[in-house]
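Examination of the molecular architecture
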Amino acid sequence: MNFITTRAIVPEAFFLMKADPASGALSTFFGIVRNHHQGRAVKSLYYECYVSMANRSILRIRTDLMARYGLANLYVLHRIGHLEVGETALAVAALSAHRAEAFAACEETVERIKRETPIWKKEFFSDGSEEWVRCGHQAAAQAEHLR
Amino acid sequence: MRVKLLFFASLRERFSASEKNMEMDVPMRVEEVAKTLGLEEPGLLFAVNEELVPAGTMLQDRDTLAFLMPVSGGAA
């Protein structure tokens, strides 16, 4: 399965999915490029990915969470490449019989992708500077996972 | 033996390459390859054939070794 795209993500498309008569809840999350980071004005972002490993990582997360929460479906799409402020970088939609499972699975999917999936983000600031975002605590969590 | 090395993000920029081949006369551990390349970043992670591995992992012929800086996906 492919969860990575270089094309624009259209949030509306996630609300037009085929209805599942046994599912009473659809919880969605959209990660959108914002115009600031730690007090600095952001102009745009660039996402880079280890595509084959990212697909495996997201498939593992999806399989885990679909089983744990008994979901009817779990949609994940992460965009890579250059994104402008306001564009959607990540879309997650969890479909389940009841709302509690859909809410929880949606949140956990996003958290696990941020923690486990090899996707990097470069911020382009309005002052012309640029910077790869590094998060030490995430590395610590991953290192812990290996012990 | 030959191992394929993959670089992403800041490491790709640093090495001006997204991949390289490395020939080895004797089998090496992941951490030895990292040291040879001068990679001693705190929090650096390693993946062999798309799975995270400990730094002490011994490489096999035709393995793909990726160097992964701490990740940050998503936007929110």
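Bear in mind that the values here come from a model prediction, so they are computed numbers and not experimental data.

Considerations on the overall build of chain B
Of the regular secondary structure elements, chain B holds 2 helices and 5 strands. For 76 residues, the compact-globule estimate of 2.2 N^0.38 gives 11 Å, and the C-alpha radius of gyration of chain B, at 12 Å, lies within 12% of that figure. When the backbone C-alpha atoms are referred to their principal axes, chain B occupies close to 45 × 25 × 20 Å. The 76 residues of chain B split such that 50% are buried. By element, 47% of the accessible surface of chain B is carried by carbon and sulfur atoms, the whole surface being about 3700 Å². A gap of 4 Å separates the mean positions of the 8 positive and 12 negative side-chain charges of chain B.

Looking at the nonpolar core
Counting residues in hydrophobic clusters, the biggest one holds 32 residues, and the most contacted among them are L5, V33, L65, F67 and L68 of chain B. Sequence-distant contacts of L5 of chain B, that is, excluding residues within four places in its chain, are made with S18, E19, K20, M22, V33, L37, L65 and F67 of chain B. Counting 27 residues, the second-largest nonpolar core is a separate cluster that includes L45, L65, L83 and A105 of chain A.

Considering unusual backbone geometry
Residue and element names in this part refer to chain B. Positioned with a positive phi, A9 is a non-glycine residue whose angle comes to about 55°. With respect to the helices, strands and loops of the structure, A9 is situated in helix 1 (residues 9–15). The exposure class assigned to A9 is buried, which follows from its relative accessible area of 1%. Phi at S16 takes a positive value of approximately 50°, unusual for a residue other than glycine.

Considering the packing of aromatic side chains
With the rule as written, the count across this model stands at 8 aromatic pairs over all chains. Considering the side-chain rings of F7 of chain B and F15 of chain B, the 4.5 Å spacing of their centres and the 25° angle between planes classify their relative orientation as stacked. In this pair, the class of F7 of chain B matches that of F15 of chain B, namely buried. Linked through ring pairs, F7, F15, F46 and F67 of chain B together constitute an aromatic cluster. Taking NZ or CZ as reference, R40 of chain A lies 3.7 Å from the ring centre of F125 of chain A, over its face.

Thoughts on the side chain of S44 of chain A
Residues and elements named next belong to chain A. In this structure, S44 sits in strand 4 (residues 40–49). Within the structure, the side chain of S44 is placed 2.9 Å from the side chain of H82, a separation counted as a polar contact. If sequence neighbours within four positions are ignored, S44 has contacts with H82, L83, E84, K122, E123 and F124.

A look at the confidence of the model for chain A
Here chain A averages 91 in pLDDT, while 90% of its residues score no lower than 70. Highest mean pLDDT in chain A belongs to strand 1 (residues 4–5) of chain A (98); lowest belongs to helix 3 (residues 136–146) of chain A (53).

Remarks on the sheet that holds strand 5 (residues 73–79) of chain A
Residues and elements named next belong to chain A. The strand order across the open sheet built from 4 strands is 1-5-7-2, with neighbouring strands paired in mixed fashion. Two strands lie at the open edges of the sheet, namely strand 1 and strand 2 (25–32), each paired on one side alone. Set on the sheet, helix 1 (residues 51–69) makes contact with strand 1 and strand 5; between it and strand 5 the angle comes to about 155°. Seen against the sheet, helix 2 (residues 99–116) touches strand 2, strand 5 and strand 7 (88–96) and runs at an angle of roughly 150° to strand 7.

Description of the pairing of strand 8 (residues 119–125) of chain A
All names here are of chain A. Judged by how many residues are buried, strand 8 sits mostly within the fold: 7 of 7 residues are covered. Here strand 4 runs beside strand 8; their pairing, made up of 7 bridges, is antiparallel. Pairing of Y47 across the sheet is with K121, part of strand 8. Pairing of strand 8 with strand 9 (residues 130–132) involves 3 bridges; the strand directions are antiparallel. The residue bridging F124 from the neighbouring strand is E130, located in strand 9. Counting the residues that bridge the hairpin from strand 8 to strand 9 gives 4 residues, and of these G128 lies at a positive phi of roughly 95°.

About the criteria used
- Residues numbered from 1 in each chain as written.
- Chains lettered and ligands numbered in written order.
- Predicted model: local features only at pLDDT ≥ 70, side-chain atom pairs only at ≥ 80, totals over all residues.
- Heavy atoms only, no water.
- Helix = DSSP H or I, 4+ residues; strand = E, 2+ residues; numbered from the N terminus.
- Rg over C-alpha atoms; globule rule 2.2 N^0.38 Å.
- Buried < 20%, exposed > 50% of the residue type's maximum accessible area, 1.4 Å probe, protein only.
- Areas by Shrake-Rupley, 256 points an atom, 1.4 Å probe, with all protein chains shown as cover.
- Lys, Arg positive; Asp, Glu negative; His and termini not counted.
- Charge placed at Lys NZ, Arg CZ, Asp CG, Glu CD.
- Core = buried A, V, L, I, M, F, W, Y, C linked by side-chain atoms within 4.5 Å.
- Contact = heavy atoms within 4.5 Å.
- Phe/Tyr/Trp six-rings, centres within 6.5 Å; stacked < 30°, edge-to-face > 60°.
- Lys NZ or Arg CZ within 6 Å of the ring centre and 35° of its normal.
- Polar contact = N/O pair within 3.5 Å; in protein donor to acceptor, adjacent residues only side chain to side chain.
- pLDDT = per-residue confidence, 0-100.
- Pairing = 2+ DSSP bridges.
- Axes fitted to C-alpha atoms, helices over the stretch in contact; angles between N-to-C directions.

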